[in-house]
Amino acid sequence: MSKPWPPPPDLESIQDLMRAADPEGHIAEGAPADEYEPEEEQLFAAIAHFPTADLLAARLLPILEEIWRKSFNLDETSLTSRRPALEGLAQQIEHFFGPAATPQVR
C-alpha cells in the first residue's frame, strides 16, 4: 500500500529547512546546527496536525512570525527585517509539504 502524497511534515525535515534558511544568520556565523532547535520544535508542534491543504506560506508565515517574536523578543520593526527569510522558509515548507508538492528525486 502506498503512502499518501505529499507526506505530512516531520521534525527532521522542518529542522533541515529551518537550518538551511538560517533566518538569523547564526549558523552562517559559526553557531551549531541546532541553534534553532526550540523554534523548530515549536513550528513542528504548531503545524504537525495541519492537513496538506493548510500548509500554505500565507498560513505558515504568521506562525513563524509569532515564534520569532517570542523567541527573539522582537518588536514589529525588528521582525520586518527578518520577514524575507521567514517568508522564504514558509514557501519552502509549502513547496515540500503543501497541496502542490511533487515527489522529490535525487
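Structure's up top.
Bear in mind the structure is a predicted one, so any value in this text is a computation, not a measurement.

**Student:** Looking at this structure, I do not really get the environment of Ile27. What am I missing?
**Tutor:** With respect to the helices and strands, Ile27 occurs in the loop between α1 (11-21) and α2 (37-47). The exposure class of Ile27 is partly exposed, given its relative accessible area of 23%. In this structure, the C-alpha to C-alpha distance between Ile27 and Gln15, residues 12 residues apart in sequence, is 13 Å. Those residues in contact with Ile27 that sit more than four places away from it in its chain are Arg19, Asp22, Pro32, Ala33, Glu35 and Tyr36.

**Student:** Would you mind showing me how to read the nonpolar core here?
**Tutor:** One recurring pattern in soluble globular proteins is that nonpolar side chains are buried together. Judged by nonpolar contacts, the single largest core of 22 residues is most densely connected at Met18, Leu43, Ile47, Leu64, Trp68 and Ile93. Counting residues per element, the ones that place at least two in this core are α1, α2, α3 (57-71) and α4 (76-97). With 7 residues, the single largest contributor to this core is α3. Not counting the four nearest positions on each side in its chain, Ile93 is found in contact with Ile14, Leu17, Leu43, Ile47, Leu60 and Gly98.

**Student:** Can you help me understand the packing of α2 against α3 in this one?
**Tutor:** A packed helix pair is summarised by two numbers, namely the angle formed by the two axes and the spacing between the axes. One way to put it is that α2 packs onto α3 with a least axis distance of 10 Å and a crossing angle of 145°. Of the two possible hands of crossing, α2 and α3 adopt the one that is right-handed. Across the interface between the two elements, Glu39, Gln42, Leu43, Ala46 and Ile47 from α2 touch Leu60, Ile63, Leu64, Ile67, Trp68 and Ser71 from α3. Residue composition of the contact of α2 with α3, grouped by class: 8 nonpolar, 2 polar and 1 charged.

**Student:** Help me understand α2 in this model?
**Tutor:** Along an α-helix, a turn takes 3.6 residues, which lines up residues three or four apart on a common side. Looking at α2, one finds that the buried residues are Glu39, Glu40, Leu43 and Ile47. Along the axis of α2, the buried positions cluster into a sector of 100°, meaning they face one direction only. Buried positions along α2 lie against α1, α3 and α4.

**Student:** Please clarify how the environment of Leu56 should be interpreted in this entry.
**Tutor:** Inspection of the secondary structure puts Leu56 in the loop between α2 and α3. Accessibility expressed as a relative area gives 33% for Leu56, which makes it partly exposed. Once the C-alpha coordinates of Leu56 and Glu94 are considered, the two residues, 38 residues apart in sequence, prove to be 5.1 Å apart. When residues no more than four places from it in sequence are discounted, the contact partners of Leu56 are Glu94 and Pro99.

Definitions and limits used
Residues numbered from 1 in each chain as written. Predicted model: local features only at pLDDT ≥ 70, side-chain atom pairs only at ≥ 80, totals over all residues. Heavy atoms only, no water. Helix = DSSP H or I, 4+ residues; strand = E, 2+ residues; numbered from the N terminus. Buried < 20%, exposed > 50% of the residue type's maximum accessible area, 1.4 Å probe, protein only. Contact = heavy atoms within 4.5 Å. Core = buried A, V, L, I, M, F, W, Y, C linked by side-chain atoms within 4.5 Å. Axes fitted to C-alpha atoms, helices over the stretch in contact; angles between N-to-C directions. Left-handed = near helix turned anticlockwise from the far one by under 90°. Nonpolar A, V, L, I, M, F, W, Y, C, P; charged D, E, K, R; others polar. Arc of directions from axis to C-beta.

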